Amino acid sequence: MSRDKTIDIESLLHKDEVHRRVYTDPAIFDLEMDRLWHRTWIYVGHESQVKNPGDYFTTTIGRQPVILVRHKDGEIHVLYNRCAHKGAQLVGDNAGCVKAFRCCYHGWRFDTDGALLTIPLEGGYDNTNFCRDNPDINVKKVPRYDSYRGFVFASLSVEGPDLKTWLGGVASSIDNMVDRAPDGELEITGGVLRYTHDSNWKFFVENLNDLMHAIVTHQSSSQTARIVAKRLMDDKDAVPWAVEIFSPFTNRYSFFEEMGLHAFDYGHSYSGGKVSIHSAYSDIPGYVDALEAAYGKEKTLDIFSENRHNTIFYPSATIKGPIQTMRVVKPISVDKTVIESWTFRLKGAPEAMTQRSILYCTLINSSANLVGPDDYESYHRLQHGLASQANDWVSMHRHLGKETVDESGAIEAEGTNDIVFRNQFKAWKQYLTAEDA
Ligand SMILES: [Fe+2]
């Protein structure tokens, strides 16, 4: 699709502020879908969701419905979810296992790599160009897909950096999360928690590395947990996991400042490093032993020395490595976004580790949680506040120019620097102003 020439992207961004239209204008949302979501690497799913041949999982890349599927040779494919015949969605449910896909409309059957198997009354296509020599008779594969340590990403563009290059400095966040499994593998556990936000997708993606908001926004949940715990617990009582999980959201500003931020090309970033809101959780018996048995003491210490908070794989996915949860971003329209929350099991770790991750996801990320609605209230007010004509510009001024950049281009800053937002919009502008492919 050609670019809407009436949108002057350059005019919507200053080095330290962004125009409110980027969050409210449906035409800009359309351009984001075409030029960002349909071009860059988008998270599709985890290999553990398609363990066996024939296992499939359906999702979207921007506006495109796709199928993640494991073929009988063990290879994983990402197919467009569209029958090659009349175009009906080939798969109608979320997940399952098949020997072959059969379209519900005219019964065309396709192998799990998209290749046509059978057509009812195939002779009716004799002497037409819609025959087996025509590649369009197969279900089309998405142009590029690849996996990094179990995390499958796909791109609708034939051009662009390979996945490893694109991940750059945030690949190490996946490494640290996977290395926390004594058996060296993660597995999705339980189902998905889906949570619709009546707000633009960028509010969520920005907020995940916004360390200025937690102490204020999460006062109602985190501070309440602290007060209740103080009232009900004796000093000798073990601190419940829920209190360990809630409390750090209202640590002092200095704590969040010291957590730090790291930002990279393509809009990626992570908050926290040596310390984060996840670094003071209690030990779970048997876990360190299992990790040391697998990797030795030195590597185990090395793994625990990184305590990153949220890592953002811009624009579609975010992980919390130390607690093994993931949130996936699904923009629906300029003011509607679905956030999916997933929990991972560390293979080879005590089951209590999984239980704590599930508790975290339930308390912090689920649609019935206590912390997410704090954020949602802010996103909702942002969406409505930016409809106001009072001021066209949204601030990204904080600690402007105080970040450091190393020779590889990696950026490091104190935790409350707005650099993550400036870095996201730098990438956003590059994608949205790139020439048509
Ligand atoms: Fe928050």
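Numbering of residues starts from 1 in every chain and runs along the sequence as written. Residue-level local features of this predicted model are given only where pLDDT is at least 70; pairs of side-chain atoms are given and counted only at 80 or more, and the full residue set underlies all totals for whole chains, interfaces and linings. Side-chain numbers come from the whole structure's heavy atoms, not from hydrogens or water.

A. Up close: the nonpolar core. The nonpolar core is taken to be a set of buried Ala, Val, Leu, Ile, Met, Phe, Trp, Tyr and Cys residues, with the residues joined through side-chain atoms within 4.5 Å. Residue exposure (1.4 Å probe, protein chains only): buried if accessible area is under 20% of the type maximum, exposed if over 50%, otherwise partly exposed. Formed by 99 residues in total, the largest nonpolar core has its most connected members in Phe151, Phe153, Phe313, Met326 and Trp428. Secondary structure follows DSSP: runs of H or I at least 4 residues long count as helices, runs of E at least 2 residues long count as strands, and numbering of each begins at the N terminus. Here the element with the most residues in this core is helix H14 (residues 419-433); it accounts for 8 residues. Among the domains, domain 1 (45-148) and domain 2 (168-433) are the pair contributing at least three residues each to this core. Residues are treated as being in contact if the distance between any of their heavy atoms lies within 4.5 Å. Dropping the residues within four chain positions of it, Met326 is found in contact with Tyr43, Phe151, Ala317, Thr318, Ile319, Glu340, Ser341, Trp342 and Phe344. Val91, Trp108, Phe110 and Leu116 belong to the second-largest nonpolar core, a separate cluster that totals 17 residues. Domain start and end points were adopted from an automatic or database domain assignment.

B. Seen up close, the pairing of strand E16 (residues 317-320). Burial of E16 is two-sided: the residues Ala317 and Ile319 facing one way and the residues Thr318 and Lys320 facing the other way are all buried. Bridge count for strand E15 (residues 311-313) against E16 is 3 bridges, and the pairing is antiparallel. Note that in E16 the partner of Thr311 across the bridge is Ile319. Only strands that DSSP links by at least two bridges are regarded as paired with each other. As consecutive antiparallel partners, E15 and E16 are separated by 3 residues.

C. Quick peek at the coordination of the iron ion. Listed donor atoms are N, O and S within 2.8 Å of the metal (Na, K and Ca: 3.2 Å). As water is not included, a site may look incomplete. At 2.0 to 2.7 Å from the iron ion lie its protein donor atoms, namely His213 (NE2), His218 (NE2), Asp375 (OD) and Asp375 (OD). By the criteria applied here, four donors are tetrahedral when all angles lie between 85 and 135 degrees, four are square planar and six octahedral when opposite donors are over 155 degrees apart and every other angle lies between 65 and 115, and any other arrangement is irregular. Of note is the iron ion, whose 4 donor atoms meet at the metal with angles of 53 to 144° in an arrangement that counts as irregular. Each donor residue of the iron ion belongs to the same chain, with the gaps between them written as H-x4-H-x156-D. Highlighted residues: His213 in the loop between helix H5 (201-207) and helix H6 (214-217) and Asp375 in helix H13 (residues 372-385), separated in sequence by 162 residues.

D. Geometry of the domain arrangement of the chain. Each domain of the chain was delimited in the assignment, giving domain 1 (45-148) and domain 2 (168-433). Placing a centre on the C-alpha atoms of domain 1 and another on those of domain 2 gives a separation of 35 Å. Opposite the 8 residues of domain 1 that make contact, domain 2 presents 9 residues. Note: buried area is the sum, over both parts, of the accessible area (probe 1.4 Å) each one loses when the two are combined. Summing the contributions of domain 1 and of domain 2, the shared interface buries around 800 Å²; its carbon and sulfur component is 53%. Between Lys or Arg on one side and Asp or Glu on the other, a salt bridge is scored when a side-chain nitrogen of the former is within 4 Å of a carboxyl oxygen of the latter. Inspection of the domain 1/domain 2 interface yields 1 salt bridge. Taking the shortest distance from any N to any O, the salt bridge between Lys51 and Glu187 comes out at 2.6 Å. Here a polar contact is recorded for every N or O atom pair within 3.5 Å, except that within protein the pair must consist of a potential hydrogen donor and a potential acceptor, and residues adjacent in sequence are included only if both atoms are side-chain atoms. At the junction of domain 1 with domain 2, the criterion picks out 4 residue pairs in polar contact (both at pLDDT 80 or more). The element contributing the most residues to the side of domain 1 that touches domain 2 is strand E3 (residues 55-61), with 3 residues. Three residue categories are used. Nonpolar comprises Ala, Val, Leu, Ile, Met, Phe, Trp, Tyr, Cys and Pro, charged comprises Asp, Glu, Lys and Arg, and polar comprises the others, including Gly. Here the side of domain 1 that touches domain 2 is composed, by residue class, of 2 nonpolar, 5 polar and 1 charged.

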